[in-house]
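Observations on the three-dimensional arrangement
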Amino acid sequence: MDIKIDPITYEVVKHKIWQNLWEGRATMELVSGSVVVTEAKEVLYGLYDGAGSIVASSAGLLVHITGGEEMIRNIITWYSENPGIYDGDVFFFNDPYVGGVHVPDAACIAPFFYEYKLTAWLVALFHTPEMGAVEPSSMMPNATEIFHEGIRCPGLKIMEKGKERNDSYKLLQRMVRDPGGITLDCKARVASLNVGKRRLKELFDKYGQPLMEEIFKQMIIDSEKVARAKLKKLPDGIWKEVIYGDHDGQRYHRWKICLTMEKKEDHLTLDFTGTDPQLPGPTNMSKQGLVGSVFTVLCTRLFYEEHWNKGILNVVDIIAPEKSLINCNWPAALNMSVFISGNVMNLLHSCISKMLSASNEFYEDQNATWMGNFVALFWGGLNQYGMQMGSILFDCLASGQGAGSVFDGVDTGCFIMTPEVIAGDVEMYESIMPFMYLCKRQAPDSAGPGKFRGGAGLEIIYKVHKTPGIKLIPLGLGKKTSMGPGLF
């Protein structure tokens, strides 16, 4: 049956959905004790339709929006008959071969039933640092297969019909070094899902199920329309870019990722043919991680006018060679895929900016790549209170933005895959981790030069203190090859 949507009602409901998602996200922040959420704000909270297509999100973590779709679709396929999907269920999912990007990125997923019909899904996701890998914090350069990287759950029920499953929580707690951390992380996600379902029910009660489902469809249609209309305004053509890496997690080893972007009328084709085969270490990425990386750049660089949802992916084809480092085969290690993701984003970012530079209307939207030579510090062990922890220092999120055609890049304020995140507060990190900051400052001469310069990066000195011992795991790429090439 055709349902007409009043335009005013449509706009009101769209904004109410957005507001409700932000309330769910805020709930996650209030309940969680993790610096990932409370300090870095590196979270995803998304609304998906009954079939698992993304409708809207309050994402800081854009790279995981499309992964949420795949997790939901697999839950429907795998578990509809056994053990069944019921009102009040919550599924724990962190398999990067299904949802990308790596094992610590854990989601809690809840079905939304209205009048006994499965009508929508909600996804709450953020990084749980300690997932029981061979090294603390579940990020380790010595991994050679996925089994080294921690527990992977393909939709473990932690709530069933509104009740906690003690067996599932006990399993998670016994598999990691920080059982309190993974428990509180799950409870924070579940609390946010409860708020989201309650607010969604209020909308369905007020406007009715047929109209709400039609609005979900229209939101996806509108995002696709906006994307296609904008592409038609841009010149047709082919643009190419190559980025080289210098390490595979095991040794210095040069590798490359290639991209050919073709724009024709209202469609994009992204061809990664020529990219090197998958690597023996953890510097690989799953196909779903690739899709999420592409989606992130399309949202932030091209199609920022409407909601970021399934409609945007409808205008692009992605060609990724199998057994390559951007589409690796199970059981390849991939805990460092966040670095590969950054490189894929830089490639696409650069090709899009070159396309924008050929347009009079959008010329000033171009800018050079972000997050060139990226490093992060992970750690595990006893903190200053004698508690077992595994975590990350999120100063790595404060990277410099690439320069634009008419502006300097932002200093220490951007992270391309999670554009809303912040680096966090020094005093807060010091209060729960066995570190002191001797300095945290913008590094002199760290920006790319030019008429308009790139943004500066950070320079930090940490001191480990008041702990009998911790294990530090510095991870990064770009010592020998620049991974943030200039635009021209």
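Conventions adopted
Residues numbered from 1 in each chain as written. Predicted model: local features only at pLDDT ≥ 70, side-chain atom pairs only at ≥ 80, totals over all residues. Heavy atoms only, no water. Helix = DSSP H or I, 4+ residues; strand = E, 2+ residues; numbered from the N terminus. Buried < 20%, exposed > 50% of the residue type's maximum accessible area, 1.4 Å probe, protein only. Contact = heavy atoms within 4.5 Å. Pairing = 2+ DSSP bridges. Axes fitted to C-alpha atoms, helices over the stretch in contact; angles between N-to-C directions.

1. A look at the side chain of Asp276
Of note, Asp276 is situated in the loop between β10 (267-271) and α8 (287-302). The exposure class assigned to Asp276 is buried, which follows from its relative accessible area of 18%. In this structure, Asp276 is in contact with Arg254, Trp255, Lys256, Ser324 and Leu325, ignoring residues within four places of it in sequence.

2. What to know about the sheet that holds strand β8 (residues 237-247)
One open sheet accounts for 4 strands, arranged β8-β9-β10-β11; its pairing is mixed. Two strands close off the open sheet at either side, each with one partner strand: β8 and β11 (316-319). The average undirected angle you get between the axes of adjacent strands in this sheet is 15°. Across 4 bridges, β10 lies against β11 in parallel orientation. In the strand pairing of β11, Leu270 is matched with Ile318. Lying on the sheet, helix α10 (residues 337-357) is in contact with β8, β9 (252-264) and β10; it crosses β9 at an angle near 35°.

3. Quick look at the sheet that holds strand β1 (residues 43-49)
Pairing is antiparallel in the open sheet, where 7 strands are placed in the order β2-β1-β5-β4-β3-β6-β7. The sheet is open, and its two edges are formed by β2 (54-57) and β7 (163-164), each paired on a single side. Running at roughly 130° to strand β6 (residues 154-160), helix α5 (residues 166-174) makes contact with β3 (90-93), β6 and β7 of the sheet. Contacts from helix α6 (residues 179-207) reach β1, β3, β4 (105-114), β5 (117-127), β6 and β7 within the one sheet, and its direction differs from that of β4 by about 30°.

4. Re the pairing of β9
Judged from the 10 bridges that link them, β8 and β9 form a sheet pairing that is antiparallel. Pairing of Trp239 across the sheet is with Met261, part of β9. Taken together, β8 and the strand that follows it, β9, pair antiparallel across an intervening segment of 4 residues, in which Gly249 is found at a positive phi of about 95°. As defined by bridge partners, β9 adjoins β10 across 5 bridges and the pair is classed as antiparallel. In the strand pairing of β10, Lys263 is matched with Leu268. Joining the antiparallel neighbours β9 and β10 is a turn of 2 residues, in which Glu265 adopts a positive phi near 55°.

Everything listed here is a matter of coordinates, which is why it stays silent on function.
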